[in-house]
Amino acid sequence: EINLVWFRNDLRAGDNPALFYAAEQGTAIGIYLETEEQRKAHDDAACKIGFINDNVKELRKQLNQLNIPLHSFKVTDYADSVEKLEMLVDQFNAKGVYFNNEYPLNEKNRDNQAEKILEEKGLEVKRFDGDIIIPPNSVATGKGEPYKVFTPYKKAWIEFHKTQGTSPLPIPEKQDFKIDEQHDYDFAQEYRDDLWPAGEQAAKEKLNDFLPKAGYYRERRDIPSVKGTSMLSPYLAVGAISAKQCISSLLEWHEGDEEAFYKDTWLSEIIWREFYRQIIIDNPEISKHKVFKRDAKEVWDGEQELFDLWSQGKTGFPLIDAAMRQLLQTGWMHNRLRMNVAMFLNKLCLIDWRQGEAFFMRHLIDGDFASNNGGWQWCSSTGADGAPYFRIMSPNTQSQRFDPEGKFIRKLVPELESLSDKDIHCPSSEQREKLGYPQPIIDYKEARKRALDLLS
Ligand code: FAD
């Protein structure tokens, strides 16, 4: 009995429930459908697409060792991918289609549509939750409502998790099947593969590089000049590694000490990822670009030129420019800086956060709808458990605090290299002129006051 496994953001062989159970029930054949037009509509970055395609290639190698073929095709959009799937089911004479759920609205609609059509054709459709550690809707408040605040969600998450096994699923056993020709397509590889080599193996190596440093995560994670975070986000976004695999290795690193594990700050970040996924599951209107807090003041009437300068890393605020250049050069940005540039754009320049959200998606290798939207709405105080409206990070103070010697700025804004550790955070007007660095595009104090007046 042939079962198709429809891979999407779960490009791994280990801890992949759809793959594991399809192989257990019969002969598994992998399918990957690259939706070119849909990607454009979702603002997916060229670097992310390149990374995904290389991960598909790596996955094929890994699956082939298990005698599982992986056929990949280019299609236009989600409607087209459902049609293609229908054709493939006939072509391979499949009895079942297995896949792991994706939670944003378009993906959910596509999956429901596929399920309906395939079931009408008499196929068995099996869906799993491989992208999230605790299944959707596992926890609710005392009133039976979805959580809107992180801390109680996290508490409930942990209590629920304690009742679940932590072991990820193994890779399936080698199957008895002869692989003929596999469909494939050409693509442009446009991402920093020196920073993020593709594949589950590479993801595991990155995790293993990070774990010995996990004990320092709490103190180092806010310093952008130090590699204090895992940099696993691109792999998690495309599913080259699962969140469950990550935290089960973390528990091993804690030598099974559950108390230390549940207190771990890095685990908390993974739970933020789960929280934002649950938020989009509970609030499908977020996928339609709505604010989470319906009564949030939307006062965004900043000059478009401010957005353009921000997006080029030419704001005249060294930390903000360094951050934006990190994004443009690598496809990734440090979390502390994501918060800084988001608050700068939204609160100090009064640009709609959705413009920043879309710009991030167009450039991030780890672009992930739930986390990106969650992060932007948090910074703009429109989101679930967002920052209070009066929280506005000062670029200069943040720079002095988190990049005290200007190491990060010097690397990304080399025109300021010669300045002293003190001056580099906010060069004088003369220094700027001499070094060819822009004057600040806003007056921080005035902009802050204006934002507070408008938002209070
Ligand atoms: P680590 O610190 O090592 O954390 C481990 C993992 O936990 C991350 O890989 C990520 O999957 C998850 N995680 C960490 N912090 C968060 C968080 N605040 N919210 C949700 N998940 C988190 N993350 C994305 O994966 N994709 C995005 O598109 C994205 N956009 C963001 C936009 C804004 C405005 C903000 C403020 C944050 C955004 N984040 C996004 C969250 C966070 O910045 C990145 O996950 C993190 O910087 C990735 O680096 P890392 O893998 O070294 O993280």
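As the structure is a computational prediction, the values presented were derived from the model and not from experiment. (Residues numbered from 1 in each chain as written. Predicted model: local features only at pLDDT ≥ 70, side-chain atom pairs only at ≥ 80, totals over all residues.)

A few points about the sheet that holds strand 1 (residues 2-7)
In step 1: Strand order in the open sheet made by the five strands is 3-2-1-4-5, with parallel pairing throughout. The open sheet has two edge strands, strand 3 (70-75) and strand 5 (124-128), and neither has a second partner. Strand-to-strand, the axes of this sheet are offset by a mean angle of 25°, without reference to chain direction.
In step 2: In terms of strand pairing, strand 2 (residues 27-35) meets strand 3 through six bridges, oriented parallel. Opposite Glu34, over in strand 3, you have Lys74 as the bridge partner.
In step 3: Against the sheet, helix 1 (residues 17-25) makes contact with strand 1, strand 2, strand 4 (96-100) and strand 5, and its axis sits at roughly 155° relative to strand 4, the strand it touches most.
In step 4: Sitting on the sheet, helix 4 (residues 78-91) is in contact with strand 1, strand 2, strand 3 and strand 4, with an inclination near 150° to strand 2. (Pairing = 2+ DSSP bridges. Helix = DSSP H or I, 4+ residues; strand = E, 2+ residues; numbered from the N terminus. Axes fitted to C-alpha atoms, helices over the stretch in contact; angles between N-to-C directions. Contact = placed C-beta atoms within 7 Å.)

Section: the site of the ligand
In step 1: Close to the ligand lie 28 residues, the nearest being Thr229, Ser230, Ser233, Asn372 and Gly375.
In step 2: Of all the secondary structure elements, the ones that give two or more residues to the shell around the ligand are helix 9 (233-238), helix 12 (265-282), helix 15 (335-348) and helix 17 (369-379).
In step 3: Split into classes, the residues belonging to the shell around the ligand amount to 13 nonpolar, nine polar and six charged.
In step 4: Split by domain, the residues of the shell around the ligand number at least three in each of domain 2 (132-167 + 201-282) and domain 3 (304-455). (Near = placed C-beta within 6 Å. Nonpolar A, V, L, I, M, F, W, Y, C, P; charged D, E, K, R; others polar. Domains from an automatic or database assignment.)

Some points on the pairing of strand 1
In step 1: The element strand 1 is extensively covered by neighbouring structure, given that five of its six residues are classed as buried.
In step 2: Here strand 1 runs beside strand 2; their pairing, made up of six bridges, is parallel. By the bridge assignment, Trp6 is partnered in strand 2 with Ile31.
In step 3: For strand 1 and strand 4, the ladder comprises three bridges, and the chain directions are parallel. Residue Asn3 lies in a different strand from strand 4, and its bridge partner there is Gly96. (Buried ≥ 20, exposed ≤ 12 C-beta atoms within 10 Å, placed from the backbone.)

Some words on the UniProt feature "domain: Photolyase/cryptochrome alpha/beta" (unreviewed entry) in the chain
In step 1: When the UniProt feature table is mapped to this numbering, "domain: Photolyase/cryptochrome alpha/beta" (unreviewed entry) covers residues 1-133.
In step 2: End C-alpha to end C-alpha, residues 1-133 measures 30 Å, and it is 48% helix and 23% strand. (UniProt positions renumbered as here; feature names shortened; annotations may be inferred.)

A few points about the packing of helix 10 (residues 243-253) against helix 12
In step 1: Packing of helix 10 against helix 12 leaves a shortest axis separation of 11 Å and a crossing angle of 165°. One way to sum up the angle between helix 10 and helix 12 is to call them roughly antiparallel. The two elements helix 10 and helix 12 meet at a crossing, and its hand is left-handed. Contact with helix 10, carried on its side by Ala243, Cys246, Ile247 and Leu250, involves Trp266, Leu267, Ile270 and Arg273 of helix 12 and no other residues of that element.
In step 2: Of the residues contributing to the contact of helix 10 with helix 12, the split by class is seven nonpolar, no polar and one charged. (Parallel < 35°, antiparallel > 145°, perpendicular 65-115°, else oblique. Left-handed = near helix turned anticlockwise from the far one by under 90°.)

Side note on the domain arrangement of the chain
In step 1: Segmenting the chain into domains produces domain 1 (2-128), domain 2 (132-167 + 201-282) and domain 3 (304-455).
In step 2: Relative placement of domain 1 and domain 2: their C-alpha centres are 25 Å apart.
In step 3: At the interface, eleven residues of domain 1 touch eleven residues of domain 2.
In step 4: Tallied by class, residues from the side of domain 1 that touches domain 2 come to five nonpolar, three polar and three charged.

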